[in-house]
Amino acid sequence: MAHGLSGIPLAWAAHQPDLATASWRELACLPGVGPARARAIVAHRAGLGVPIQASLIGLIPGIGAQTAQAIQAALAPQAADGPG
């Protein structure tokens, strides 16, 4: 299996992880999130005891505004092509 720069399998790159349940390995595929930030997300989620919403991802220490926006964009539902 081919791996990207972060050591994460490239096949996972097209996968949209669920912030509430994804492993750090799945989260590391998000833009601007590598293994360290992914582990921080999982640790923060575990500490809260509640699901994390994409709109609040910027509140996690170590995730700045640009990274939060990139994550939110990556997790946003993609608009379906209309008829025609």
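Structure's up top.
Keep in mind it's a predicted model, so treat the numbers as computed, not measured. Each chain has its residues counted from 1, running along the sequence as written. The predicted origin of the model limits local features to residues at a pLDDT of at least 70 and limits the giving and counting of side-chain atom pairs to 80 or more, whereas totals for whole chains, interfaces and linings rest on all residues. The basis for every side-chain value is the complete set of heavy atoms in the structure, and neither hydrogens nor water enter the calculation.

Remarks on the overall build of the protein
Stated formally: In DSSP terms, a helix is any run of H or I states spanning at least four residues, a strand is any run of E spanning at least two, and both are numbered starting from the N terminus. Residue burial is assigned from relative accessible area. The probe radius is 1.4 Å, only protein chains are included, and a residue is buried under 20% of its type maximum, exposed over 50%, and partly exposed in between. Note on definitions: a residue-residue contact is assigned when non-hydrogen atoms from the two residues lie within 4.5 Å. Surface accessibility in these figures is a Shrake-Rupley result with a 1.4 Å probe; residues are shielded only by whichever protein chains are displayed.
Scanning the protein from N- to C-terminus turns up three helices and zero strands. Ordered by position from N to C terminus, the α and β elements of the protein give α-α-α. Split into buried and exposed, the 84 residues of the protein put 24% on the buried side. If you take every contact in the protein between residues at least 6 apart in sequence, the share linking residues at least 24 apart comes to 35%. For the protein, the accessible area works out to roughly 5300 Å², and carbon and sulfur atoms hold 59% of it.

What about the environment of Gly62?
Relative to the elements of secondary structure, Gly62 occurs in the loop between helix H2 (35-48) and helix H3 (65-75). Through-space distance from the C-alpha of Gly62 to that of Arg37 is 7.1 Å; in sequence the pair is 25 residues apart.

A closer look at H3
Rule in force here: The directions considered for the arc run from the helix axis to the C-beta atoms.
Along H3, the residues that are buried comprise Thr67, Ala68, Ile71 and Leu75. Summarising the axial view, the buried residues of H3 lie within an arc of 100 degrees, below the 170-degree limit, and thus occupy one face. For H3, the exposed residues lying more than 90 degrees away from the buried face are Ala65, Gln66, Gln69 and Ala73. Structurally, H3 contributes buried residues whose contacts are with H2.

Examining the nonpolar core
Selection rule: Nine residue types can take part in a nonpolar core, namely buried Ala, Val, Leu, Ile, Met, Phe, Trp, Tyr and Cys, and a core is a set of them joined through side-chain atoms within 4.5 Å.
In this structure, Leu19, Leu27, Leu30, Ile41, Ile57, Ile63 and Ile71 are the most contacted members of the largest nonpolar core, which totals 15 residues. Counting only elements with at least two residues in this core, the list comes to H2 and H3. With three residues, H3 is the single largest residue contributor to this core. Among all residues touching Ile63, those that are not within four sequence positions of it are Arg37, Ile41, Ile57, Gly58, Ala68 and Ile71.

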